[in-house]
Protein chains: 2
Amino acid sequence: MINIGLLGCGTVGSGVVKLLEQNGETILKKTGKEIRIKKILERDVEKCLELGFAENCITEDIKDIVDDPEIDIIVELLGGISPADEFIIEAMEKGKHVVTANKDLIAVKGQDIFDTAENQKVDFYFEASVAGGIPAVTPLKQSLAGNNIEEVIGILNGTTNYILTKMSREGQDFDDVLKEAQDLGYAEADPSSDVYGLDAARKIAILASIAFNSRVMLDDVYVEGITSINAVDMEYAKELGLEVKLLAIAKQEEGQIQVRVHPAFIPIEHPLASVNGVYNAVFIKGDAVGDIMHYGSGAGQMPTASAVVGDIIEIVRNKNYNSNARIGCTCYDQKPILNINQLEGQFYIRMAVKDRPGALAGIAGVFGNNNVSLSSVLQKTNDWDMAELILITHNTSEQNLRDALAVLKGMSIVGEINNVIRLEGMDKK
Amino acid sequence: MINIGLLGCGTVGSGVVKLLEQNGETILKKTGKEIRIKKILERDVEKCLELGFAENCITEDIKDIVDDPEIDIIVELLGGISPADEFIIEAMEKGKHVVTANKDLIAVKGQDIFDTAENQKVDFYFEASVAGGIPAVTPLKQSLAGNNIEEVIGILNGTTNYILTKMSREGQDFDDVLKEAQDLGYAEADPSSDVYGLDAARKIAILASIAFNSRVMLDDVYVEGITSINAVDMEYAKELGLEVKLLAIAKQEEGQIQVRVHPAFIPIEHPLASVNGVYNAVFIKGDAVGDIMHYGSGAGQMPTASAVVGDIIEIVRNKNYNSNARIGCTCYDQKPILNINQLEGQFYIRMAVKDRPGALAGIAGVFGNNNVSLSSVLQKTNDWDMAELILITHNTSEQNLRDALAVLKGMSIVGEINNVIRLEGMDKK
Ligand SMILES: NC(=O)c1ccc[n+]([C@@H]2O[C@H](COP(=O)([O-])OP(=O)(O)OC[C@H]3O[C@@H](n4cnc5c(N)ncnc54)[C@H](OP(=O)(O)O)[C@@H]3O)[C@@H](O)[C@H]2O)c1
Ligand SMILES: NC(=O)c1ccc[n+]([C@@H]2O[C@H](COP(=O)([O-])OP(=O)(O)OC[C@H]3O[C@@H](n4cnc5c(N)ncnc54)[C@H](OP(=O)(O)O)[C@@H]3O)[C@@H](O)[C@H]2O)c1
């Protein structure tokens, strides 16, 4: 018998309860052990009673759980950083293995927790913290472990992907779709951590740490959200054979790491371009395996519970062979993380320009002076006096682009620089 | 130091040699052990010398390898059933762990090998045997282990997917594209095991066994190849919003299993529909995780080596903790496998019919009499006297459809039944 202490019986917590019950028989065959939730830390006693737990299983005092010598595994599904972090560390210090779905925590306090797990020789599993039910952490640690991972690019936030998909398909503007998504329950009342890219940033910090064997923290991630994307850009993207996605990007080149979250145009031929609605995906490039992609539900009660229960099963298998901690922290190296200004890439620029002879030449000149070369220029005349220009650059440094834009902003023929959007995966076009 | 005995230094074998060398430094960090290929069984000594092996490492006698007490892991990359099966079993009996990429062997002799592994308490890993570098076996055994798996649908053969993609995009006929694929090295001189579906059948037998925890052998798989697909059907598929793929399908319903390989029309909205060219994918439906898909290179030297080396790393991690055999055979149950005639599905039927008054009513009557109801009928008049009919059925049993077709074949107004193609995943439309 394996005894679990469940911290938090909310959306995911109650999903775990249901799944362990629903598939208990086959899980017993796979592990040789009955798995029982012995105690639950939860403020809302009603919720637990409804799930069939006796009142004496439910507590608000963590001591009742971490001090129970019968409890083998702690499943932390409270969310937030504190007190989850203290609870986990306390539990590990008492020799308990830990499963969590808490990306906020790992992206900020990962190091402390891994150190404690290593010292205590306990398991720390967190597959559910990235991309919900999609196996993302485990393949990087195991099946793909023979590769030098060059890229991990994820669509890691279902809310923003739902919004962008809707905008792209129906030509609606951001605010309208967000409102709709909130009404449907796909976006939270306070959607800021989703739409400003913070949620995706936490997840890519975790994946980058594993992929590149070097700790990447939330603060290391350059983040831009999707609030500046609008229907006009979507329309032009389509004309250019591109799709817009909020990408979480981690790359490694010559021992240096870049990690960033921002909206990007990708060619419609790219496997990530057909990941629509609330679905998530993780695209990985390894030196041996080439391009692979894992696709599925990145959140939701049961998909997330699937990942949590997968982790529990692993820990039980480890316990059976006394091999807990067999895969611990994999951050052996300390690789430098590049600043966004040091990066190179292609850009889409939409700007309004006065329709004067020589205007285009003047603008092209500014780009040239700053070593930004243009791959294509599309002129659209909307207003009676203003032309809209769509420029696509060749590969150029972020710094050079910023310098060029600063000059352009000061020019009298330039009305407005409406949007600048990065291009990714153009080798797939 | 971990010593490997490599059996076969062909395409994949030499890929493994290269990968262990290329990423040896990080693999050492991940496992804490240096991994060395100590001996190679290979007829072609030249090949091994070129890779830098000393002559005394190369042998044609398996005894030199299995009797070497220093050798911990055997990596079998010979291919074929015999003598690979004897070599593997002999090695296990000497306490050695085994990694293989040999689907032919597992789909036929899986049971014997798993039994030996269990008795000997050694590891048997075979991630590379299905879908090359794409993690398929491991996620089913680990991350998704909490699910009751309802469906596994794969595009598991790159050659046929390349052919079908080309046919669909360029409207060419099967024979022409096959010839082209052979010239380009995407199809073998003898392409029969690919185009007749046998290769995919082996792989889906392996995945079904793991997904449903019940042994499925090659002979249990119903198999149809792609040779009857032609440009006309492709054209009509497009009109109907469908794409044709060679699917390897395993489903479980109420404790009963169905396993089959055949060409099928799927809606273009289905995630598998955008898997093109030589790429493979494994689509999985679990009761908790919902729909997920893994996509990537299903074959090739380095992608396959990636999976083999991932398995080697797992075995070394197990050795470090003395936990080999921690995940053995997962076929705990014996579930009945349904015959193809017991299955239900939707069908596309293309037939030539004499253009007579009442012809359509007569044909519809035959379907009705056999309990096959039609979802749509498209009439195309090509020849001066013959009309081409495209029929799509509602869900119906294979047996009823066969009965109806048998009657139709005998009718004087029916010129020819040109093709019958199954529809899959229509809930995604
Ligand atoms: N939901 C998803 O789809 C999803 C997907 C991936 C990962 N995750 C992660 O999974 C974790 C749980 O998410 P969730 O959606 O299940 O959240 P949730 O529904 O809010 O559940 C958390 C539960 O824990 C309780 N709780 C929090 N702090 C507590 C404390 N100190 N003492 C006692 N009870 C406490 C909460 O009670 P109150 O309601 O009274 O605060 C609530 O019942 C989070 O880390 C989240 O990021 C969620
Ligand atoms: N190639 C792929 O992309 C791929 C992908 C997934 C799985 N696999 C699987 O991986 C395995 C190896 O495939 P491969 O493509 O590497 O085949 P391969 O290139 O033909 O390599 C096999 C090697 O083993 C040697 N060999 C075979 N039997 C032998 C024996 N009894 N004694 C000594 N040497 C022997 C062969 O020598 P000779 O040439 O002299 O016979 C050849 O050098 C197969 O099971 C295959 O199904 C391959």
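Since the structure is predicted, the reported quantities are computational estimates derived from the model, not experimental observations.

A.B. asks: What's the story with the UniProt feature "active site" (unreviewed entry) in chain A in this structure? I'm lost.
C.D. replies: Residues and elements named next belong to chain A. UniProt records the feature "active site" (unreviewed entry) for Lys203 in the present numbering. Among the secondary structure elements, lysine 203 is positioned in helix α11 (residues 198-212). Residue lysine 203 is classed as buried on the basis of its relative accessible area, which comes to 6%. When sequence neighbours within four positions are dropped, the list of residues in contact with lysine 203 reads Lys103, Ser129, Val130, Ala131 and Leu156.

A.B. asks: Sorry, what's going on with the pairing of strand β10 (residues 256-267) of chain A here?
C.D. replies: The side chains of a regular strand alternate, first on one face of the sheet and then on the other. Residues and elements named next belong to chain A. In terms of residue burial, β10 counts as a mostly covered element, since eleven of its twelve residues are buried. Taken together, the two bridges between strand β8 (residues 222-223) and β10 define a ladder with parallel strand orientation. In the sheet register, valine 223 faces β10, and the bridge partner there is valine 261. Hairpin geometry of strand β9 (residues 242-253) and β10 is characterised by an intervening segment of two residues between the two adjacent antiparallel strands and by a positive phi of about 45 degrees at glutamate 254. Examined bridge by bridge, β10 and strand β17 (residues 414-423) share two bridges and lie parallel to one another. Each bridged residue has a counterpart across the sheet, and for phenylalanine 265 the counterpart in β17 is leucine 423.

A.B. asks: How should the packing of aromatic side chains be read in this particular structure?
C.D. replies: Both the distance between ring centres and the angle between the ring planes are used here to describe each pair of aromatic rings. Overall, the coordinates contain twelve aromatic pairs over all chains when judged by the stated rule. Between Phe114(A) and Phe124(A), the ring centres sit 5.3 Å apart and the planes meet at 80 degrees, which makes this aromatic pair edge-to-face. Of this pair, Phe114(A) sits in helix α6 (residues 103-120) while Phe124(A) sits in strand β6 (residues 124-125), placing them ten residues apart in sequence. By the burial criterion, Phe114(A) is buried, and Phe124(A) matches it. Between Phe114(B) and Phe126(B), the ring centres sit 5.6 Å apart and the planes meet at 80 degrees, which makes this aromatic pair edge-to-face. Of this pair, Phe114(B) sits in helix α6 (residues 103-120) while Phe126(B) sits in the loop between β6 (124-125) and α7 (137-141), and the two are twelve residues apart along the sequence. Residues Phe114(B) and Phe126(B) agree in their burial class; the two are buried.

A.B. asks: What am I meant to see in the site of ligand 2 here?
C.D. replies: All names here are of chain B. Around ligand 2, the surrounding shell holds 18 residues, and the nearest of these are Thr11, Val12, Arg43, Lys47 and Gly300. Here an oxygen atom of ligand 2 sits 2.9 Å away from a polar atom, N or O, in the main chain of threonine 11. In the model, an oxygen atom of ligand 2 is placed 2.8 Å from a nitrogen or oxygen of the glycine 300 main chain. Relative to its free-state accessible area of 890 Å², ligand 2 is covered by the protein chains to the extent of 73%. Each residue belonging to the shell around ligand 2 can be placed in one class, and the counts come to seven nonpolar, seven polar and four charged.

A.B. asks: For this particular structure, what's the right way to read the site of ligand 1?
C.D. replies: All names here are of chain A. Taken together, 18 residues sit near ligand 1, with Thr11, Val12, Arg43, Lys47 and Gly300 positioned nearest. A distance of 2.9 Å separates an oxygen atom of ligand 1 from a polar backbone atom of threonine 11. Between ligand 1 and arginine 43 there is a distance of 2.6 Å, counted from an oxygen atom to a side-chain nitrogen or oxygen. The fraction of the free accessible surface of ligand 1 (890 Å²) that becomes covered by protein chains is 73%. For the shell around ligand 1, the class distribution of residues is seven nonpolar, seven polar and four charged.

A.B. asks: Got a minute to help me understand the domain arrangement of chain A in this structure?
C.D. replies: Think of interface size as the accessible area that goes away when the parts come together; that is how it is often given. All names here are of chain A. Split by domain assignment, chain A resolves into domain 1 (2-132 + 301-321), domain 2 (136-297) and domain 3 (340-423). Averaged C-alpha coordinates put domain 2 and domain 3 at centres separated by 26 Å. Opposite the 16 residues of domain 2 that make contact, domain 3 presents 15 residues. Taking both sides of the interface into account, the surface hidden between domain 2 and domain 3 amounts to around 1400 Å²; carbon and sulfur atoms contribute 60%. Together, Tyr236, Leu240 and Phe265 form the three largest contributors to the area buried by domain 2 at its contact with domain 3, with a combined 39%. Taken together, the links from domain 2 to domain 3 amount to three salt bridges. With a closest N to O distance of 3.1 Å, glutamate 224 and arginine 422 form a salt bridge. The set of elements that each furnish at least two residues to the side of domain 2 that touches domain 3 consists of α12 (231-239) and β10. For the side of domain 2 that touches domain 3, the element with the most residues is β10, which contributes six residues. Along the lines of polarity and charge, the residues of the side of domain 2 that touches domain 3 split into eight nonpolar, four polar and four charged.

A.B. asks: Would you mind going over the nonpolar core with me for this structure?
C.D. replies: Nonpolar side chains tend to gather and get buried jointly when the protein is soluble and globular. Phe124(A), Val152(A), Leu156(A), Ile163(A), Ile204(A), Leu207(A) and Tyr348(A) are the most contacted members of the largest nonpolar core, which has 81 residues in total. The element best represented in this core is α11(A), accounting for ten residues. Ignoring anything within four residues of it in the chain, the contact list for Leu156(A) reads Val130(A), Ala131(A), Asp199(A), Ala200(A), Lys203(A), Ile204(A), Leu207(A), Ala248(A), Asn280(A), Ala281(A) and Val282(A). Formed by 79 residues, the second largest nonpolar core is a distinct cluster that contains Ile88(B), Leu105(B), Ile106(B) and Leu178(B).

A.B. asks: What is the right way to look at the sheet that holds β6(A) in this model?
C.D. replies: Sheets are built from strands paired through backbone hydrogen bonds, the pairs being either parallel or antiparallel. Residues and elements named next belong to chain A. The parallel open sheet is built from six strands, whose spatial order is β3-β2-β1-β4-β5-β6. The open sheet has two edge strands, β3 (58-59) and β6, and neither has a second partner. For strand β2 (residues 35-41) and β3, the ladder comprises two bridges, and the chain directions are parallel. Residue pairing for β3: leucine 41 is matched across the bridge by threonine 59. Helix α13 (residues 301-320) contacts β1 (2-7), β2, β4 (71-76), β5 (97-100) and β6 of the sheet and is inclined by roughly 165 degrees relative to β5.

Definitions and limits used
Residues numbered from 1 in each chain as written. Chains lettered and ligands numbered in written order. Predicted model: local features only at pLDDT ≥ 70, side-chain atom pairs only at ≥ 80, totals over all residues. Heavy atoms only, no water. UniProt positions renumbered as here; feature names shortened; annotations may be inferred. Helix = DSSP H or I, 4+ residues; strand = E, 2+ residues; numbered from the N terminus. Buried < 20%, exposed > 50% of the residue type's maximum accessible area, 1.4 Å probe, protein only. Contact = heavy atoms within 4.5 Å. Pairing = 2+ DSSP bridges. Phe/Tyr/Trp six-rings, centres within 6.5 Å; stacked < 30°, edge-to-face > 60°. Near = heavy atom within 4 Å. Polar contact = N/O pair within 3.5 Å; in protein donor to acceptor, adjacent residues only side chain to side chain. Areas by Shrake-Rupley, 256 points an atom, 1.4 Å probe, with all protein chains shown as cover. Nonpolar A, V, L, I, M, F, W, Y, C, P; charged D, E, K, R; others polar. Domains from an automatic or database assignment. Buried area = accessible area lost by both parts, 1.4 Å probe. Salt bridge = Lys/Arg side-chain N within 4 Å of Asp/Glu carboxyl O. Core = buried A, V, L, I, M, F, W, Y, C linked by side-chain atoms within 4.5 Å. Axes fitted to C-alpha atoms, helices over the stretch in contact; angles between N-to-C directions.

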